[in-house]
Amino acid sequence: MTSSPRPLVAVTGGAGFIGSHTVDLLVARGCRVVVLDDFSTGKRANLARWADHDRHGLGGREPAVEVLTVDVSHGLFAALAPITAAHGPVERIVHLAAQVSVVHSLANPLTDARVNYGGTVQVLEYARAAGVKKVVFASSAAVYGDVATLPVDEDAPCRPLSPYGVHKLASEHALHCYAAVHGVPSVALRFFNVYGPRQDPSSPYSGVISIFADRAAAGRDLTIFGDGEQTRDFVYVGDVVRAVVDAALGDAPGHAVANVGTGRETTVRALAEILVGLGGGGSAIVHAPARAGEIVRSVARVERAAALLGFRAATALRDGLAATVAPPPVT
Ligand code: UD2
């Protein structure tokens with residue numbers, strides 16, 4: 001079948017932080033979208049602008065978003081059958097659904113294997129059977145483990161230090177296998193520290209920016225673990241989803257892997273200072289012991305994503321943080 005002028009794209013985890021921004025951009029690019037989410041961490045509020053089913057459902061007149069409540073690690077076929085029967089085949093899949101906590105994966109490695117590796121294989125089995133033209137997978141900097149040379153490039157050895165990283169890497173291998181053996185084209189994007197509006201600050205293992213932004217806005221103390229000299233490559237979600245959507249709508253064959261970061265290193269101390277300022281200056285910075293087993297420095301080489309997708313992170317940290325503390329109004 002030839003490409004529809006409005007491709008139907010399935011987004012697993014589409015009610016989550018990165019997923020819901022992905023849905024917004026896909027719609028802006030003229031795609032029809034079906035979200036598959038089990039709402040274990042995803043939120044209906046993240047998709048509220050698409051909630052009026054009569055207007056926005058796949059049969060509606062306006063930008064088309066359908067939301068299915070489904071755990072993708074149980075398979076995609078039954079959930080998607082009524083959609084494809086009525087609206088035609090799923091052309092592309094963005095696979096973001098995952099168990100997202102490294103710490104949880106250390107305590108529950110078998111759950112992580114079922115959800116994170118098993119979920120990817122379920123997506124690939126669907127893609128193979130349905131002749132899907134591109135699968136984009138949310139991989140992670142966690143596949144690298146401790147690296148000797150920074151910034152880290154995609155050819156660095158991968159020695160993950162958590163079941164989470166192991167299952168992200170195993171998923172990448174599965175993508176490669178399905179591309180080589182079954183001709184399912186795919187891109188694995190290794191996300192660095194993604195931040196922005198809609199990131200949930202409520203768990204102790206939430207992203208540091210979501211926690212600091214939440215506390216700074218409330219005038220509460222910001223707790224830095226360790227001396228604050230540890231670094232991360234913080235990349236704004238609005239940039240990340242451009243990489244995701246460009247990869248999903250591209251037609252390159254085979255399998256590719258690319259880092260998604262800024263190439264810039266920021267200390268946690270500098271981050272805390274900016275956020276205290278953006279929050280009005282009422283918060284104090286306090287210190288607690290460093291987290292055990294934590295990597296000290298992390299920063300991506302970004303040339304591969306530039307060559308592959310024309311991707312460059314465009315949002316300056318200060319601007320991204322300002323948008324996170326005071327999110328732009330929904331249009
Ligand atoms: C990131 C990813 C994780 C995994 C990992 C791989 C996020 C949210 N997490 O974990 O999924 O891919 O990289 O290496 O992107 N910190 C504080 N105070 C706080 C919270 C955190 O000082 O209240 C510090 C923390 O000790 C660390 C830094 O901030 O040095 C970043 O922590 P994080 O939990 O946001 O992300 P990270 O890099 O541990």
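Our structure's up above, just so we're on the same page.
What you see is a predicted model; the values in this text were computed from it and never measured. (Residues numbered from 1 in each chain as written. Predicted model: local features only at pLDDT ≥ 70, side-chain atom pairs only at ≥ 80, totals over all residues. Heavy atoms only, no water.)

Novice: Explanation requested: the overall build of the protein in the structure shown.
Specialist: Tallying secondary structure elements over the protein gives 11 helices and 13 strands in all. Relative to the 2.2 N^0.38 estimate, which gives 20 Å for 331 residues, the radius of gyration of the protein is 19 Å and therefore close to what a compact globule would have. Counting over 331 residues, the protein shows a buried share of 50%. Looking at the protein as shown, the accessible area adds up to about 14400 Å², and 56% of this sits on carbon and sulfur atoms. Taken as two groups, the 29 positive and 30 negative side-chain charges of the protein have centres that lie 3 Å from each other. (Helix = DSSP H or I, 4+ residues; strand = E, 2+ residues; numbered from the N terminus. Rg over C-alpha atoms; globule rule 2.2 N^0.38 Å. Buried < 20%, exposed > 50% of the residue type's maximum accessible area, 1.4 Å probe, protein only. Areas by Shrake-Rupley, 256 points an atom, 1.4 Å probe, with all protein chains shown as cover. Lys, Arg positive; Asp, Glu negative; His and termini not counted. Charge placed at Lys NZ, Arg CZ, Asp CG, Glu CD.)

Novice: Explanation requested: the site of the ligand in the structure shown.
Specialist: The immediate surroundings of the ligand are formed by 19 residues, with Ser140, Val208, Thr223, Arg232 and Glu294 found nearest. Measuring from an oxygen atom of the ligand, one finds a side-chain N or O atom of arginine 232 at 2.6 Å. The contact in question runs from an oxygen atom of the ligand to an N or O atom on the side chain of arginine 291, over 3.1 Å. Considering the ligand on its own, with 740 Å² of exposed area, one finds that the protein chains cover 85% of that surface. Split into classes, the residues belonging to the shell around the ligand amount to 10 nonpolar, 6 polar and 3 charged. (Near = heavy atom within 4 Å. Polar contact = N/O pair within 3.5 Å; in protein donor to acceptor, adjacent residues only side chain to side chain. Nonpolar A, V, L, I, M, F, W, Y, C, P; charged D, E, K, R; others polar.)

Novice: Please explain the pairing of strand β11 (residues 255–260) as it appears in this structure.
Specialist: Successive side chains on a regular strand alternate, one facing one side of the sheet and the next facing the other. Counting buried positions along β11 gives 5 out of 6 residues, so the element sits mostly inside the fold. Pairing analysis gives 6 bridges linking strand β6 (residues 186–191) to β11, with the strands arranged parallel. Its bridge partner being in β11, leucine 189 is matched across the sheet by alanine 258. (Pairing = 2+ DSSP bridges.)

Novice: Is there a simple way to think about the nonpolar core in this case?
Specialist: Side chains of nonpolar character tend, in soluble globular proteins, to be buried together. Ranked by internal contacts, the top residues of the largest apolar core, which has 39 residues, are Ile18, Val23, Leu189 and Phe191. Of all the secondary-structure elements, those providing two or more residues to this core are β1 (8–12), α1 (17–28), β2 (32–37), β5 (134–140), β6, α8 (237–249), β11 and α10 (303–309). No other element matches α8, which puts 8 residues into this core. Every residue in contact with leucine 189, bar those within four places of it in the chain, is listed here: Val136, Phe137, Ala138, Ser139, Ser140, Ala243, Val244, Ala247, Ala258, Val260 and Leu309. (Core = buried A, V, L, I, M, F, W, Y, C linked by side-chain atoms within 4.5 Å. Contact = heavy atoms within 4.5 Å.)

Novice: What is the right way to read the side chain of glutamine 99 from this model?
Specialist: Considering the arrangement of structural elements, one finds glutamine 99 in the loop between β4 (92–95) and α4 (102–107). Within the structure, the side chain of glutamine 99 is placed 2.9 Å from the backbone nitrogen of serine 101, a separation counted as a polar contact. A distance of 2.7 Å separates the side chain of glutamine 99 from the side chain of aspartate 112, its partner in a polar contact. Here glutamine 99 is in contact with His104, Ser105, Asp112, Val115, Asn116 and Tyr164, once residues within four sequence places are set aside.

Novice: It is not clear to me how helix α7 (residues 208–217) should be interpreted in this structure. Could you clarify?
Specialist: Each α-helix winds once per 3.6 residues, and so residues spaced three or four apart point in a common direction. Burial in α7 covers these residues: Ile209, Ser210, Phe212, Ala213 and Ala216. As for α7, its buried residues are in contact with β7 (193–195), β8 (222–225), β10 (234–236), α9 (268–278) and α11 (317–325). Immediately downstream of α7, the backbone of glycine 219 shows phi near 70°, a positive value.

Novice: Explanation requested: the sheet that holds β11 in the structure shown.
Specialist: Sheets are built from strands paired through backbone hydrogen bonds, the pairs being either parallel or antiparallel. The strand order across the open sheet built from 7 strands is β3-β2-β1-β4-β5-β6-β11, with neighbouring strands paired in parallel fashion. The open sheet has two edge strands, β3 (65–69) and β11, and neither has a second partner. This sheet shows a mean twist of 20° between the axes of neighbouring strands, independent of strand direction. Bridging between β5 and β6 involves 6 bridges; their strand directions are parallel. Within the sheet, the bridge partner assigned to phenylalanine 137 lies in β6 and is alanine 188. Packed onto the sheet, helix α5 (residues 109–130) meets β1, β4 and β5 and runs at close to 180° relative to β4. Lying over the sheet, helix α6 (residues 163–182) contacts β5, β6 and β11, oriented at roughly 155° with respect to β5. (Axes fitted to C-alpha atoms, helices over the stretch in contact; angles between N-to-C directions.)

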